[in-house]
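In case you want the letters, here they are:
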Amino acid sequence: MTSVAIVTGASSGIGAATARRLAAEGFHVLAAARRTDRLAGLVKEIEAAGGTATAVACDVTSDESVAGLATAAQGAPGPVTLLVNNAGGARGLDPVESGAIGDWQWMYDVNVLGTLRVTQALLPALEASGAGTIVIVSSTAGFTVYEGGGGYAAAKHAQTAIAGTLRLELCGRPLRVIEIDPGMVRTDEFGLVRFDGDADKAAATYAGVPEPLVAEDVADCIAWCATRPHHVNVDRLVVRPLAQAAQHKVHRVGQ
Ligand SMILES: NC(=O)c1ccc[n+]([C@@H]2O[C@H](COP(=O)([O-])OP(=O)(O)OC[C@H]3O[C@@H](n4cnc5c(N)ncnc54)[C@H](OP(=O)(O)O)[C@@H]3O)[C@@H](O)[C@H]2O)c1
């Protein structure tokens, strides 16, 4: 029977690439996000490539909406074996001194409480499958802070704390927890969301960086972890572009 994978934040970037990749690996994918037009396009793409997927409208900040995702999972054509908590992002690059409370609130709501809410809602189905996998897409900001990144790092540290705690609490049950920590990934929207639609500021993040990671690189890491035999638990996978040795050490050509 086809296994079902749920990917949140599947309407763009890493989530969309992960949905495509997991469908290619043979999963039926429930692609969840708020922008259903994007999801419909993604499902068509997946089907054209020979895979199967279902679009599910889901706002991870809403109990009701996430309950709808759990209902969709119950109606899916197979056991739910994989949840990829990917919905998230950054808002602002202000110092702690002047950071906007609203930005911090948004980052906490989507990255942290979104992961908590979706994981709680899907855990029974994942456990019932007998071999469940919970992936949490945190970040290198989940273990390193940087100037201007206080709110994002706080949220990603919290997601990392969820992953570690959950792994301890679920020990002995058929559920593994995998944390993926990407460094610099050039996706179309991450920077635009962070800089409130300012394309120049978003592009400056990657200026001169030879080959930042792309969404497909992270999807590849997620798919590799999720398709190991179930007794193999990759606790945490840190992946950066070659040009980024550390958060503060990025090789930029011509600079
Ligand atoms: N890009 C990077 O450099 C990088 C590095 C490390 C970690 N990450 C992490 O990787 C994940 C994906 O990032 P990305 O670069 O692919 O960014 P992205 O293209 O901006 O994707 C973010 C996704 O999250 C969804 N989302 C936002 N708010 C949501 C909500 N309330 N409910 C449901 N979905 C919501 C968005 O869909 P809708 O707007 O349609 O809902 C979108 O599909 C994030 O968790 C990010 O923090 C990114």
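Up top is the structure these notes are about.
Now for a quick tour of the structure. Each chain has its residues counted from 1, running along the sequence as written. The predicted nature of this model means local features are confined to residues of pLDDT at least 70 and side-chain atom pairs, given and counted, to a pLDDT of 80 or more, with totals for whole chains, interfaces and linings taken over all residues. Neither water nor hydrogens contribute to the side-chain values; these are computed over all heavy atoms in the structure.

Secondary structure elements follow DSSP: runs of H or I of four or more residues count as helices, runs of E of two or more count as strands, with numbering from the N terminus. Broken down by element type, the protein chain carries 8 helices and 11 strands. Our radius of gyration is a C-alpha quantity, and the globule rule it is checked against amounts to 2.2 Å times the number of residues to the power 0.38. For 255 residues, the compact-globule formula gives about 18 Å, and the C-alpha radius of gyration of the protein chain, at 17 Å, lands near that figure. Structurally, the protein chain occupies a C-alpha span of about 55 × 40 × 35 Å along its principal axes. Remark: exposure states derive from per-residue accessible area (1.4 Å probe, protein chains only) relative to the maximum for the residue type, with buried under 20%, exposed over 50%, and partly exposed in between. In the protein chain, buried positions account for 49% of the 255 residues. Here a residue-residue contact requires only that any non-hydrogen atoms of the pair lie within 4.5 Å. Relative to all contacts within the protein chain whose residues are 6 or more apart in sequence, the contacts with residues 24 or more apart total 72%.

Quick look at the sheet that holds strand β2 (residues 28-33) now. Strand pairing is assigned whenever DSSP detects at least two bridges linking the two strands. With parallel pairing, the 7 strands of this open sheet are ordered in space as β3-β2-β1-β4-β5-β6-β9. Both outer strands of the open sheet, β3 (52-57) and β9 (236-239), are each paired with one neighbouring strand and no more. In this sheet, neighbouring strand axes are inclined to one another by 15 degrees on average, regardless of whether the strands run parallel or antiparallel. Of the pairings in the sheet, the one linking strand β5 (residues 132-137) to strand β6 (residues 175-182) comprises 6 bridges and is parallel in character. Bridge assignment links valine 135 to a residue of β6, and that residue is isoleucine 178. Axis definition: a line fitted to C-alpha atoms, limited for helices to the stretch in contact. Angles are taken between N-to-C directions and run from 0 to 180 degrees. Strands β1 (4-8), β2, β3 and β4 (80-85) of the sheet are contacted by helix α1 (residues 13-24), whose axis makes an angle of about 170 degrees with β1. Those strands touched by helix α5 (residues 150-169) are β5, β6 and β9, and its axis lies near 155 degrees from that of β6.

Bridge count between β2 and β3: 6 bridges; the pairing is parallel. The partner of histidine 28 across the bridge, within β3, is threonine 52. Each parallel crossover has a hand, and the one from β2 via helix α2 (residues 36-48) to β3 is right-handed. Orient the strands so they point away from the viewer, and a crossover whose first-strand-to-second-strand path over the helix runs clockwise is right-handed.

So, about the site of the ligand. With respect to spatial proximity, 30 residues lie near the ligand, and among them Ser11, Ile14, Arg34, Tyr152 and Thr187 are the closest. Within the side chain of serine 12, one N or O atom sits 2.8 Å away from an oxygen atom of the ligand. Pairs of N or O atoms are called polar contacts if they sit within 3.5 Å, as long as, within protein, a hydrogen donor faces a hydrogen acceptor (for residues adjacent in sequence, only side-chain-to-side-chain pairs). The side chain of arginine 34 places a nitrogen or oxygen atom 2.7 Å from an oxygen atom of the ligand. Only the protein chains shown count as cover for residues, and all accessible areas are computed by the Shrake-Rupley method using a 1.4 Å probe. Summarising the interface, the protein chains cover 95% of the accessible area of the ligand, which totals 880 Å² for the free molecule. Mapped onto the shell around the ligand, the elements with two or more residues apiece are α1, α4 (101-128) and α5. Grouping the amino acids of the shell around the ligand by side-chain chemistry returns 12 nonpolar, 13 polar and 5 charged. When at least one non-hydrogen atom of a residue lies within 4 Å of a molecule or strand, that residue is treated as near it. Under the scheme applied here, ten amino acids are nonpolar (Ala, Val, Leu, Ile, Met, Phe, Trp, Tyr, Cys and Pro), four are charged (Asp, Glu, Lys and Arg), and all others, including Gly, are polar.

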